Amino acid sequence: MAKCMRRFLVANLALCLSAFAAAAATLDTITERNSVRIGYIADEAPFSSSKPGIEPTGYAIDLCGKIADELERQVPQLKREYIEMTLASGFDAVKNGEVDLLCGAITVNLKRREIVDFSQPIFLTGATALLRKDSPNYLQTLFLDKPAVRSVSESVASTRVIGVRASTTTGTTLREALATQVSKTRLADFETHEDGLAALEDHKIDAYIADQVLLISLAKRARDPSSLEIGDRLFTHEPYAIALPRDDANFRLLADRALTYFYLSDDFLPLLETYFGAEAPMLHTQIIMEHVPY
């Protein structure tokens, strides 16, 4: 029995060491193939989005580009491959070496840290609701810092269905909250934010829940943006970062160094202005004060 146990422990140690060696070789792998594979989530504007025939764009995409610039100092003529991922598959893609970086509106949490590592934060937001102006009063009271805009018969007007994007931390938080109470409200999962927006506009759901910064961009793409309101009460804390392979401290240091240098450069504020407009100065101060290591 003791001999079998030793064999079991040795075998597991070998597997762990093998996995560590594979993960620690991220830069070697990039050098060998002469390309960095940048995974991105397609429908997370202004952080990452794409159109047919052109490279993806967005705030997170540009920051991943700064990491690629740092890599190019060590790997001249480095190629950049952009690979579209879903939120559900992206973390396993990083874990399995299919992509080297995963860019988008990606929240850091402990469960995801079991699969991937993360760069230093790139943004901070929180979840709220996108509502129609005729959404039920209970939702307006919950998410808007003002009285409901009009009287509504809750029993008639409210379908009590709230939409969320599948595989998000927001959806998990809402399900956990609803599980602790008796409620007529149910959640509907959507594959993309655009699908959730369409359901809201078609009165199939009463509200669509996502991170506020994503809802601001989403509302602008509505058929009638003036018919919608974005909640100003946040009920989650969502720090965003770039997902990286686990157990590779040198690669994470390279990524964090590239981000820090860019945050402290004169080019950072104009980038924020490009994607976040008038909010840019406040965001610039927040990121410099909270997310730049010295």
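Read on for an overview of the structure. (Residues numbered from 1 in each chain as written. Predicted model: local features only at pLDDT ≥ 70, side-chain atom pairs only at ≥ 80, totals over all residues. Heavy atoms only, no water.)

## Observations regarding the pattern of salt bridges
Filter applied, for reference: Definition used for salt bridges: Asp or Glu carboxyl oxygen within 4 Å of a side-chain nitrogen of Lys or Arg. Counting from the N terminus, the helices are DSSP H or I runs at least four residues long and the strands are E runs at least two residues long. Think of it in three bands: residues with accessible area under 20% of the maximum for their type are buried, residues over 50% are exposed, and the middle band is partly exposed, with areas taken using a 1.4 Å probe on protein chains only.
Using the criterion set out here, one finds 17 salt bridges in the structure. Where Arg223 meets Glu201, a salt bridge forms, and the shortest distance between an N and an O atom there is 3.8 Å. In this pair, Arg223 is assigned in the loop between α10 (212–220) and β12 (228–230) and Glu201 in helix α9 (residues 193–201), connecting sequence segments 22 residues apart. Judged by its relative accessible area of 15%, Glu201 falls in the buried class. Put simply, Asp202 and Arg223 hold a salt bridge, and the shortest N to O gap is 2.7 Å. In this pair, Asp202 is assigned in the loop between α9 and β11 (207–211) and Arg223 in the loop between α10 and β12, connecting sequence segments 21 residues apart. Several salt bridges converge on common partners, so that one network encompasses Arg113, Asp117, Arg252 and Asp256.

## Description of the packing of helix α12 (residues 268–276) against helix α13 (residues 280–291)
Test applied: Interaxial angles span 0 to 180 degrees and are taken between N-to-C directions of axes, which are lines fitted to C-alpha atoms, for helices over the stretch in contact. Here roughly perpendicular refers to angles of 65 to 115 degrees, roughly parallel to angles under 35, roughly antiparallel to angles over 145, and oblique to all remaining angles. Take the far helix as your reference; a near helix turned counterclockwise from it by less than a right angle gives a left-handed crossing, and one turned clockwise gives a right-handed crossing. For this analysis, residues touch if any pair of their heavy atoms sits within 4.5 Å.
Put simply, α12 and α13 touch, their axes get as near as 9 Å, and they point 130° apart. With respect to each other, α12 and α13 are oriented oblique. For the element pair α12 and α13, the recorded crossing hand is right-handed. Note on element contacts: α13 touches α12 through Ala280, Pro281, Leu283, His284 and Ile287, opposite Phe268, Leu269, Leu272, Glu273 and Phe276.

## Observations regarding the pairing of strand β8 (residues 127–132)
The side chains of a regular strand alternate, first on one face of the sheet and then on the other. Going by this rule: Here a strand pair is declared whenever DSSP counts at least two bridges between the two strands.
Judged by how many residues are buried, β8 sits mostly within the fold: six of six residues are covered. In the sheet, β8 pairs with β11 via five bridges, with the strands oriented antiparallel. Each bridged residue has a counterpart across the sheet, and for Ala129 the counterpart in β11 is Ile209. Inspection of the sheet shows β8 paired to β12 by three bridges, in the antiparallel sense. Counted as the bridge partner of Arg132 is Leu228 from β12.

## Focus: empty space enclosed by the protein
What counts here: Both site types are read off a 1 Å grid over the protein atoms alone. A 1.4 Å probe that fits but cannot get out defines a cavity, while an open set with protein on both sides within 12 Å along at least five of seven lines defines a pocket; lining residues have an atom within 4 Å of a point. Grid points are joined across faces, edges and corners, and a volume is the space filled by probe spheres set on the points. Residues were grouped as follows: Ala, Val, Leu, Ile, Met, Phe, Trp, Tyr, Cys and Pro as nonpolar; Asp, Glu, Lys and Arg as charged; and all remaining residues, including Gly, as polar.
The full count for this structure, using the stated rule, is one cavity of 30 Å³ or more. In this structure, the largest cavity is lined by 17 residues; those nearest its centre are Ala105, Thr168, Thr170, Asp211 and Leu214. Where the lining of the largest cavity is concerned, the elements lending two or more residues are α8 (169–179), β11 and β13 (238–240). With three residues, β11 is the largest single contributor of residues to the lining of the largest cavity. Looking at the lining of the largest cavity, its residues break down into seven nonpolar, five polar and five charged.

## A word on the side chain of Arg132
To keep things clear, this is the line we draw: Under this definition, polar contacts are N or O atom pairs within 3.5 Å; protein pairs additionally need one hydrogen-donor-capable and one acceptor-capable atom, and for neighbouring residues in sequence, both atoms have to be side-chain atoms.
Looking at the element boundaries, Arg132 is found in strand β8. Among the residues examined, Arg132 registers a relative accessible area of 7% and is labelled buried. Separated by 2.9 Å, the side chain of Arg132 and the backbone oxygen of Leu200 make a polar contact. Of note is the side chain of Arg132, whose polar atom sits 2.7 Å from the backbone oxygen of Ile205. Among residues more than four places away in sequence, those in contact with Arg132 are Gln140, Leu200, His203, Ile205, Asp206, Ser227 and Leu228.

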